[in-house]
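# Architecture and fold: a report
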Amino acid sequence: MQKTGYFLDDIPKVSVVLPVYNGEKYLEEAITSILTQTFSDFELIIIDDGSTDDTCSIAKHYADSDPRIVIVSRQHRGLSASLNEGIDLARGEWIARMDADDIALPDRLSKQINHLQQTQADFCGGGIEYFGNWTAQRFYPNTHEACGIQILFSVPIAHPTALGKRSAFVKIRYDERILHCEDYDFWQRAWSMKYRMTNVSDIILRYRIHDYQVSSCYKDVRSHGVNLVRKRHWKAWLPELDCDALTLIVETIGKSHGKTADLMPALVKLLDQCSGESKDIFLFNSFRTFCRLAGHDPLAAKNWLSLVTSGSNKYHGRDILRALVLMILSITRLNENSSLSQYLRRFGAGLNSDFV
């Protein structure tokens, strides 16, 4: 293992951990986006995870001119091991994640530090702008309570935007047995250990979409890990569910097959526990799940209206429009990847909601 760089006498406020494996194509943009932050009290720890391209030489070029950069270069051990190594090396009060193919906006760190100080949360993420193979924007829950609901369906914080207390990262760490969904597992365990999460409501990072990123190359392996984490979280919320019920829920959500009726008992119970942003997040994710099932489920629209009017809940105009979207998807049996299907799903999901 080779380490290069200069440790400053003063302890930095933030340690930015940037793991990279064969990332020569985009690494310069990622490094530059950190070095040009409006918040400058940081160290940048680059973990070269056994790259065989020019990754290490690119990193060293920047380290030669900026003493805030520390480089570790060693044999390939994987992302989780690299993240844990970065956690061990970090000296700052806060640790920020960064990926080698993304671009942080200039005020990312300052916005997140300010937000964490205001909310007293342990972890903070933010909105992302997808670019590359396709473009879109995505925002994440603001409150910790809504983050806990979000984990039922997917991650509550975009991993490359994560910034949190070093003490929390040290306590939780990444499970090196979990492959290609280490962030989902990390956030679920953070929630279970009572650490508080939040997100800034602004776009703070440009997230590159390309054919060679982990999420594109290891979908099957990732899906297996996601299902394990998701099952664990549903069990935490609804401990009365047995193994068969949990498996049915997780497979219906994750594999987009099955019937909306299979989800209804659990969804009704959960909706009764939600209010405010948590309720919006819950209905947003439930609607997206119903959309994926609607092409093979003629009762999707009916079950949607039954869900939103369960208990003491009353339907709103957006619920009627979402039911109409589900009816169209059921009648036309559109392929979920078709452009019209995606348009309808985005339209319905975005009604009175920032979470697109």
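Preceding this section is the structure that the text describes.
Anyway, here's the lowdown on the structure attached to this text. It should be emphasised that the depicted structure is a prediction, and the values quoted were computed from it without experimental measurement. (Residues numbered from 1 in each chain as written. Predicted model: local features only at pLDDT ≥ 70, side-chain atom pairs only at ≥ 80, totals over all residues. Heavy atoms only, no water.)

## A short note on the overall build of the protein
We apply this condition: To qualify as a helix, a DSSP run of H or I must reach at least 4 residues; to qualify as a strand, a run of E must reach at least 2; elements of each kind are numbered from the N terminus. For the radius of gyration, the atoms used are the C-alpha atoms, and the globule rule reads 2.2 Å times the number of residues raised to 0.38. Categorising residues by exposure relies on relative accessible area from a 1.4 Å probe, with only protein chains included: less than 20% of the type maximum marks a residue as buried, more than 50% marks it as exposed, and the intermediate range marks it as partly exposed. It only takes one pair of heavy atoms within 4.5 Å for two residues to be counted as in contact. Working definition of accessibility: Shrake-Rupley area with a 1.4 Å probe, residue cover restricted to the visible protein chains. Under the counting rule used here, the positive set is Lys and Arg, the negative set is Asp and Glu, and His together with the chain ends is not counted. A single reference atom marks each charge: NZ on Lys, CZ on Arg, CG on Asp, CD on Glu.
In terms of regular secondary structure, the protein is built from 15 helices and ten strands. Taken over the C-alpha trace, the protein has a radius of gyration of 21 Å; the compact-globule value for 356 residues is 21 Å, and the two agree within 12%. Its C-alpha atoms give the protein principal-axis dimensions of about 65 × 40 × 35 Å. Considering the protein as a whole, with its 356 residues, one finds that 56% of them fall into the buried category. Within the protein, counting contacts between residues at least 6 apart in sequence, those at least 24 apart form 78% of the total. With an accessible surface of roughly 16000 Å², the protein has 52% of that area assigned to carbon and sulfur atoms. Counting 41 positive and 43 negative side-chain charges, the protein places the averaged centre of each group 6 Å from the other.

## Some words on the packing of helix α12 (residues 276-294) against helix α13 (residues 300-308)
Here is the rule we go by: Axis angles are defined between N-to-C directions and span 0 to 180 degrees, where every axis is a line fitted to C-alpha atoms and, for a helix, only to the segment in contact. Any angle that is under 35 degrees is reported as roughly parallel, and any over 145 degrees as roughly antiparallel; angles of 65 to 115 degrees are reported as roughly perpendicular and all others as oblique. Helix crossings are classified by the rotation of the near helix relative to the far one: an anticlockwise turn of less than a right angle makes the crossing left-handed, while a clockwise turn makes it right-handed. Lys, Arg, Asp and Glu make up the charged group, whereas Ala, Val, Leu, Ile, Met, Phe, Trp, Tyr, Cys and Pro make up the nonpolar group; the residues left over, Gly among them, are polar.
As a packed pair, α12 and α13 sit with axes 10 Å apart at the nearest point and diverge in direction by 165°. What the angle tells us is that α12 and α13 run roughly antiparallel. Note that α12 runs across α13; the crossing there is right-handed. Side by side, α12 and α13 meet where Leu-283, Ser-286, Phe-287, Phe-290 and Ala-294 of the first sit next to Ala-300, Asn-303, Trp-304, Leu-307 and Val-308 of the second. For the contact of α12 with α13, a count of residues per class yields eight nonpolar, two polar and no charged.

## Some points on a nonpolar patch on the surface
Cut-off, in case you're wondering: In this scheme, patches are assembled from residues that exceed 30% relative accessible area and form no salt bridge. Like charges are connected within 9 Å, while nonpolar side chains (Val, Leu, Ile, Met, Phe, Trp, Tyr) are connected within 5 Å. Only one rule defines a salt bridge in this text: a Lys or Arg side-chain nitrogen within 4 Å of an Asp or Glu carboxyl oxygen.
Taken together, the side chains of Leu-321, Leu-324, Met-327, Ile-328, Ile-331 and Phe-347 present a nonpolar region at the surface, about 530 Å² in accessible area. Broken down by element, the nonpolar patch gets its largest block of residues, five residues, from helix α14 (residues 317-332). With respect to the element layout, Ile-328 can be found in helix α14. Exposure remark for Ile-328: the relative accessible area of 33% places this residue in the partly exposed category.

## Structural notes on the pairing of strand β10 (residues 197-209)
We apply this condition: Pairing between two strands is assigned when DSSP locates at least 2 bridges connecting them.
For β10, the buried fraction is high: ten of the 13 residues fall into the buried class. The pairing of strand β6 (residues 103-104) with β10 spans two bridges and is classified as antiparallel. Paired with Ile-103 across the two strands is Arg-206, which belongs to β10. As paired strands, strand β7 (residues 123-132) and β10 are joined by nine bridges and run parallel to one another.

## With respect to the packing of helix α11 (residues 264-271) against α12
Put simply, α11 and α12 touch, their axes get as near as 11 Å, and they point 165° apart. On the basis of the axis angle, α11 is roughly antiparallel to α12. For the element pair α11 and α12, the recorded crossing hand is left-handed. In this structure, α11 contributes Met-264, Leu-267, Leu-270 and Leu-271 to the contact, and α12 contributes Lys-279, Phe-282, Leu-283, Ser-286 and Phe-290.

## Considerations on the packing of aromatic side chains
In plain terms, the rule: Note on aromatic pairs: the rings of Phe, Tyr and Trp (six-membered ring only in Trp) are paired at centre separations within 6.5 Å, and the planes decide the class, stacked below 30 degrees, edge-to-face beyond 60, tilted for the rest. The criterion is that NZ of a Lys, or CZ of an Arg, lies within 6 Å of the ring centre and within 35 degrees of the ring normal, and then a charge sits over that ring.
One pass over the structure, following the stated rule, counts 14 aromatic pairs. Note on Phe-123 and Trp-187: the rings are 5.3 Å apart at their centroids and 80° apart in plane angle, and the pair reads as edge-to-face. Of this pair, Phe-123 sits in strand β7 while Trp-187 sits in helix α7 (residues 182-192), placing them 64 residues apart in sequence. Neither Phe-123 nor Trp-187 differs from the other in exposure class; each is buried. Within the aromatic cluster, the residues linked to one another by ring pairs are Phe-123, Phe-169, Tyr-174, Phe-186, Trp-187 and Tyr-195. Between the NZ or CZ atom of Arg-322 and the centre of the ring of Phe-287, over which it lies, the distance is 5.2 Å.

## Re the nonpolar core
The condition is simple: The nonpolar core is taken to be a set of buried Ala, Val, Leu, Ile, Met, Phe, Trp, Tyr and Cys residues, with the residues joined through side-chain atoms within 4.5 Å.
Counting residues in hydrophobic clusters, the biggest one holds 106 residues, and the most contacted among them are Leu-44, Phe-123 and Trp-234. With eight residues, the top contributor of residues to this core is α12.

## Quick word on the pairing of strand β5 (residues 94-97)
Of the two faces of β5, both are covered, the one formed by Trp-94 and Ala-96 as well as the one formed by Ile-95 and Arg-97. Pairing of strand β2 (residues 14-20) with β5 involves four bridges; the strand directions are parallel. Looking at the pairing, Ser-15 lines up with Ile-95 of β5. Pairing analysis gives three bridges linking β5 to strand β9 (residues 163-165), with the strands arranged antiparallel. Bridging from a neighbouring strand, Trp-94 pairs with Lys-165 of β9.

## Re α12
The test is simple: What a helix should span is 1.5 Å times the count of its residues minus one.
Counted at 1.5 Å a residue, the expected span for α12 with its 19 residues is 27 Å, and the 27 Å between its end C-alpha atoms agrees. Among the 19 residues that make up α12, 15 are buried, leaving the element largely enclosed by the rest of the structure.

## Observations regarding the pattern of salt bridges
Inspection of every chain in the model, using the stated rule, returns 19 salt bridges. Across the pair Lys-111 and Asp-202 runs a salt bridge whose closest N-O atoms are separated by 3.2 Å. Of the two residues, Lys-111 sits in helix α4 (residues 108-119) while Asp-202 sits in strand β10, which places them 91 residues apart along the sequence. Given a relative accessible area of 34%, Asp-202 falls into the partly exposed group. In this structure, a network of salt bridges that share partners links the residues Asp-49, Arg-74, Arg-77 and Glu-85.

Interpretation note: all reported values are geometric properties and have no functional meaning in isolation.
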